[in-house]
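Residue-level listing of the chains:
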Amino acid sequence: MLAAGPSAAEGLSTGGQRCANAILDLELPGGQPVDTAVWGDEAQVRLSRDTVFLHRFPQGWLVRGAGCTAQGELPYRCEVTT
């Protein structure tokens, strides 16, 4: 998943759920979602086999980094960044 356009963001907001809650119900290639955190226009989704970072642009939430692993006190290292 490299980017999620406006239609994906709209799909996540259906049923009265917020994006941070709705994404936990998706079947994603990085495994099952285990946690989400949102800070204003930035978000982190931790999956069982991946961590993904998103940013809210005018057109919706888009992936900014995927294949990310924690580096202790340093920032996450991501294999895919935009």
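Values in this document were obtained by computation on a predicted structure and should not be read as measured data. (Residues numbered from 1 in each chain as written. Predicted model: local features only at pLDDT ≥ 70, side-chain atom pairs only at ≥ 80, totals over all residues. Heavy atoms only, no water.)

(A) Local environment of the pairing of strand β3 (residues 51–57). Two strands pair when backbone bridges link them, and strand β2 (residues 42–47) and β3 are joined in this way by 5 bridges, in the antiparallel orientation. Paired with V45 across the bridge in β3 is V52. The hairpin formed by β2 and β3 contains 3 residues between the paired strands. Relative to strand β4 (residues 60–71), β3 runs antiparallel, the two sharing 5 bridges. Its bridge partner lying in β4, F53 is registered against G65. Counting the residues that bridge the hairpin from β3 to β4 gives 2 residues. (Pairing = 2+ DSSP bridges. Helix = DSSP H or I, 4+ residues; strand = E, 2+ residues; numbered from the N terminus.)

(B) Structural detail: the side chain of Q44. Structurally, the position occupied by Q44 is in strand β2. Accessibility expressed as a relative area gives 11% for Q44, which makes it buried. Those residues in contact with Q44 that lie beyond four places of it in its chain are D35, T36, A37, W39, T51, V52, F53 and Y76. (Buried < 20%, exposed > 50% of the residue type's maximum accessible area, 1.4 Å probe, protein only. Contact = heavy atoms within 4.5 Å.)

(C) Molecular detail of the environment of V52. Within the secondary structure layout, V52 lies in strand β3. Relative accessible area serves as the criterion here: at 7%, V52 is assigned to the buried category. Residues V52 and T81, 29 residues apart in the sequence, show an inter-C-alpha distance of 9.8 Å. Excluding residues within four positions of it along the chain, V52 makes contact with A43, Q44, V45, L47, V63, G65 and A66.

(D) Quick peek at the state of the cysteines. Across all of its chains, the model carries 1 disulfide by this definition. Two residues, C68 and C78, share a disulfide whose sulfurs are 2.0 Å apart. Across the S-S bond linking C68 and C78, the dihedral sits near 110°, which makes this disulfide right-handed. Of this pair, C68 sits in strand β4 while C78 sits in strand β5 (residues 74–81), and the two are 10 residues apart along the sequence. Since its relative accessible area comes to 4%, C68 is described here as buried. (Disulfide = S-S within 2.5 Å.)

(E) Expanded view of the sheet that holds β3. Taking strand neighbours across the sheet as the criterion, the 5 strands line up as β1-β2-β3-β4-β5 in an open arrangement whose pairing is antiparallel. Of all strands in the sheet, those bounded by a partner on one side alone are β1 (33–39) and β5. For this sheet, the mean angle separating the axes of adjacent strands, direction not counted, is 30°. (Axes fitted to C-alpha atoms, helices over the stretch in contact; angles between N-to-C directions.)

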